[in-house]
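A closer look at the structure
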Amino acid sequence: MAKDSAHRRWQVRVLAGLFASLLTLSGLALLAPAPAQAAAPIQRWSQADTSGERWAISLFEQPDPDFEPGWRLRLNALGLDQRLDHQRPMEVQGTTGAHWQLANRSEEQVPAGEAAIPAGSAQFDLAGLVPRPSNALPLRISIPLQDAPDRDLMLSPEIVAAISTAGEG
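These numbers were taken from a predicted model, which means no experiment stands behind them. (Residues numbered from 1 in each chain as written. Predicted model: local features only at pLDDT ≥ 70, side-chain atom pairs only at ≥ 80, totals over all residues. Heavy atoms only, no water.)

Topic: the overall build of the chain
Counted only if it meets this: Put simply, DSSP marks the helices as runs of H or I at least four residues long and the strands as runs of E at least two long, and each gets a number from the N terminus on. Summary of the burial criterion: residues with accessible area below 20% of their type's maximum are buried, those above 50% are exposed, and those between are partly exposed, where the area comes from a 1.4 Å probe applied to protein chains only. Contact definition: two residues touch when any of their heavy atoms are within 4.5 Å. We get accessible surface area from the Shrake-Rupley algorithm with a probe of 1.4 Å; when it comes to residues, only the shown protein chains can shield them.
Scanning the chain from terminus to terminus reveals two helices and eight strands. N-terminal to C-terminal, the α/β element order of the chain is α-β-β-β-β-β-β-β-β-α. Counting all 169 residues of the chain, 32% fall into the buried class. Counted over contacts in the chain with a minimum sequence separation of 6, partners at least 24 positions apart contribute 53%. For the chain, the exposed area adds up to about 10,600 Å²; of that, 58% sits on carbon and sulfur atoms.

Describing the pattern of salt bridges
Side-chain pairs of opposite charge can arise where the charged atoms are in close proximity. We apply this condition: When a carboxyl oxygen of Asp or Glu lies within 4 Å of a side-chain nitrogen of Lys or Arg, that pair is called a salt bridge.
Tallying each qualifying case throughout the model produces seven salt bridges. Note that Arg105 is salt-bridged to Asp125, the shortest N-O span being 3.3 Å. Linking Arg105 in the loop between β5 (99-102) and β6 (121-125) with Asp125 in strand β6, this pair joins segments that are 20 residues apart in sequence. According to the relative accessible area criterion, Arg105 is partly exposed, its value standing at 22%. Under the relative-accessibility criterion, Asp125 is labelled buried at 4%.

Some remarks on the side chain of Asn104
Quick note on the threshold: Definition of a polar contact: a pair of N or O atoms within 3.5 Å, with one able to donate and the other able to accept a hydrogen when the atoms are protein atoms, and with sequence-neighbouring residues admitted only if both atoms are side-chain atoms.
Structurally, the position occupied by Asn104 is in the loop between β5 and β6. Residue classification places Asn104 among the buried residues on the basis of a relative accessible area of 10%. Polar contacts involving the side chain of Asn104 include one to the side chain of Ser106, which spans 2.7 Å.

Digging into helix α2 (residues 157-165)
Within the span of α2, buried status applies to Ile159, Val160, Ala162, Ile163 and Ser164. Packing partners of the buried residues in α2 comprise β1 (43-48), β2 (54-61), β3 (71-77) and β7 (139-143). Positive phi shows up at Gly167, right after α2, with a value of about 90°.

Examining the sheet that holds β1
Rules: Whether two strands pair comes down to DSSP finding at least two bridges between them. Between N-to-C directions, angles span 0 to 180 degrees; the directions come from axes that are lines fitted to C-alpha atoms, helices contributing only their stretch in contact.
An order of β1-β2-β3-β6 is seen for the four strands of this open sheet, with the pairing classed as antiparallel. Single-partner strands in this sheet number two, and they are β1 and β6. Adjacent strand axes in the sheet meet at a mean angle of 20°, parallel and antiparallel pairs treated alike. Taken together, the seven bridges between β2 and β3 define a ladder with antiparallel strand orientation. Paired with Ile57 across the strands is Leu75, a residue of β3. Lying over the sheet, α2 contacts β1, β2 and β3, oriented at roughly 140° with respect to β1.

By themselves these figures say nothing about function.
Given below as structure tokens:
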């Protein structure tokens with residue numbers, strides 16, 4: 001009987017020790033920083049504008065914590081003679097008459113304080129697409145250029161679908 005009592009006390013001590021360890025581990029887990037969520041993969045396309053000039057188009061979440069978070073649309077001229085305007089917003093029009101302006105965020109392409117923004121590249125903040133456009137209707141963008149008329153580009157259905165759902169969980 002003394003043996004059973006000693007064994008039972010040993011079991012209680014082991015269970016109490018396990019319980020204390022679990023409490024400690026769960027407390028440490030609460031103090032640990034949450035793991036960073038992986039950014040959505042960059043989506044890329046190539047498309048010609050209404051003049052036949054080719055553009056590389058990228059859609060991504062701003063990865064740099066030094067800049068405001070959110071989704072960006074970046075345009076890169078594939079022709080050497082295109083110089084994008086890094087000050088003006090990009091105009092977006094839907095076929096139903098909807099109109100949006102996307103703020104120019106070209107300065108985010110270079111480290112803070114650096115002035116050499118690539119002439120053939122600009123990026124825009126999708127936060128201005130409120131409400132989001134339909135993923136089934138065409139969108140036309142006007143690409144702001146320096147010292148030249150803006151270029152119009154009808155976005156492919158694949159790009160429109162990606163833009164309209166960017167940021168949805």
